[in-house]
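Inside the fold
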Amino acid sequence: MKLDVSDALAHPGQEYPFSGLQAIADQEIGGDTVRLDDCFVEGGFLSDEDGNISVKGKLRTVAHAPCANCLEDARAEVENEFDEVFRRNGDPEDDEIFSYEGREVFLDKLVMSYAVMALPIRFLCREDCPGFEYRDPDAVPSEPGIRFPFAGLRQLLDHNKEV
Ligand SMILES: [Zn+2]
């Protein structure tokens, strides 16, 4: 998503509200693919006398990744707040700063960074996920809904144990 900052540049110090949805690409983290739903972003922005744009707000989305214990689908609510300055005509190659040119501020990189920053270290399908302790068919739990789609992986794990 992008902000049209024409009015803000014409009226430094005046804050303008914004909100919208930002798509975020899949992230490869620790060997897992983390998929993020479109991120809801809202906040406000204003320009200083030099045309640098302060953007302040919060984001909210849901992230999906395999459960750290059992590899079933797991999800996590993701929320974060941000307060950053986009420097007018700053170096777009500089990863340490946000920058923009012209009259449009693109929020893609900011939203992605702050969403990834707020991801949980471990995804769990539920708080008390039993993990692989139930992968032995003799130890099928009484609860319905727990499946064993990883027979191949189980063989691999058992095999590695013997090595
Ligand atoms: Zn699990």
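Residues numbered from 1 in each chain as written. Predicted model: local features only at pLDDT ≥ 70, side-chain atom pairs only at ≥ 80, totals over all residues. Heavy atoms only, no water.

1. Observations concerning the overall build of the protein
Spelled out, the test is: Helix and strand labels come from DSSP, where a helix needs a run of H or I of at least four residues and a strand needs a run of E of at least two; each type is numbered from the N terminus. Buried, partly exposed and exposed residues are distinguished by accessible area as a fraction of the type maximum, computed with a 1.4 Å probe on protein chains only: under 20%, between the cut-offs, and over 50%, respectively. Any pair of residues with heavy atoms lying within 4.5 Å of one another is described as a contacting pair. Areas reported as accessible are Shrake-Rupley estimates using a 1.4 Å probe. Residue values count occlusion only from the protein chains shown.
On a plain count of helices and strands, the protein comes out with three helices and nine strands. Moving toward the C terminus, one meets the helices and strands of the protein in the order β-α-β-β-β-β-β-β-β-β-α-α. Split into buried and exposed, the 163 residues of the protein put 31% on the buried side. Across the protein, the fraction of contacts at a sequence separation of at least 24, relative to all contacts at a separation of at least 6, is 58%. A total of about 10,400 Å² of accessible surface is found on the protein, and carbon and sulfur atoms cover 47% of it.

2. Side note on the side chain of Ser99
Going by this rule: Under the rule applied, a polar contact is a pair of N or O atoms within 3.5 Å (in protein, one hydrogen donor and one hydrogen acceptor; residues adjacent in sequence only if both atoms are side-chain atoms).
Tracing the sequence through the fold places Ser99 in strand S8 (residues 98-100). One polar contact links the side chain of Ser99 to the main-chain carbonyl oxygen of Gly90, over a distance of 3.4 Å. In this structure, Ser99 is in contact with Phe86, Arg87, Gly90, Asp91 and Pro92, ignoring residues within four places of it in sequence.

3. Side note on the pattern of salt bridges
For the record, the criterion: Salt bridges are identified by distance alone: a Lys or Arg side-chain nitrogen within 4 Å of an Asp or Glu carboxyl oxygen.
Counting across every chain of the model gives four salt bridges. Here Asp128 makes a salt bridge to Arg126, at a shortest N to O gap of 3.0 Å.

4. Observations regarding the coordination of the zinc ion
Where we set the bar: Counted as donors are the N, O and S atoms within 2.8 Å of the metal, or 3.2 Å for Na, K and Ca, while water is not among the atoms, so some sites may look incomplete. Think of it this way: with four donors and all angles in the 85 to 135 degree range, the site is tetrahedral; with four or six donors, opposite ones beyond 155 degrees and the rest between 65 and 115, it is square planar or octahedral; otherwise it is irregular.
Coordination of the zinc ion by the protein involves Cys67 (SG), Cys70 (SG), Cys125 (SG) and Cys129 (SG), with metal-donor separations of 2.3 Å. Note that the zinc ion binds four donor atoms; their angles at the metal cover 107 to 112°, and the shape is tetrahedral.

5. Topic: the pairing of strand S6 (residues 53-66)
When a strand is regular, its side chains alternate between the sheet's two faces. For clarity, the cut-off: A pair of strands counts as paired when DSSP detects no fewer than two bridges linking them.
Bridge count between strand S4 (residues 32-36) and S6: two bridges; the pairing is antiparallel. Residue pairing across strands places Arg35 opposite His64, the latter belonging to S6. Bridge count for strand S5 (residues 39-47) against S6 is eight bridges, and the pairing is antiparallel. Residue pairing in the sheet places Ser47 in a bridge with Ile53 of S6. The turn joining S5 and S6, which pair antiparallel and follow one another in sequence, is formed by five residues; a positive phi near 85° is taken by Gly51. Direction of pairing for S6 relative to strand S7 (residues 73-88): antiparallel, over a ladder of 14 bridges. Among the inter-strand pairings, Lys56 is bridged to a residue of S7, identified as Asp83. From the end of S6 to the start of S7, which pair antiparallel, there are six residues, and Leu71 there has a positive phi angle of about 70°.

6. A few points about the packing of aromatic side chains
Filter applied, for reference: Between the rings of Phe, Tyr and Trp (Trp by its six-membered ring), a pair exists once the centres lie within 6.5 Å; its type follows the angle of the planes, with under 30 degrees stacked, over 60 edge-to-face, and the other angles tilted.
Evaluated as defined, the whole model comprises four aromatic pairs. With centroids separated by 5.1 Å and ring planes inclined at 35°, the aromatic side chains of Phe86 and Phe98 adopt a geometry described as tilted. Residue Phe86 is located in strand S7, and its partner Phe98 is located in strand S8; the two are separated by 12 residues in the primary sequence. Note on accessibility: Phe86 and Phe98 belong to one class, buried. Here the aromatic cluster, defined as three or more aromatic residues joined through ring pairs, consists of Tyr16, Phe18 and Phe45.

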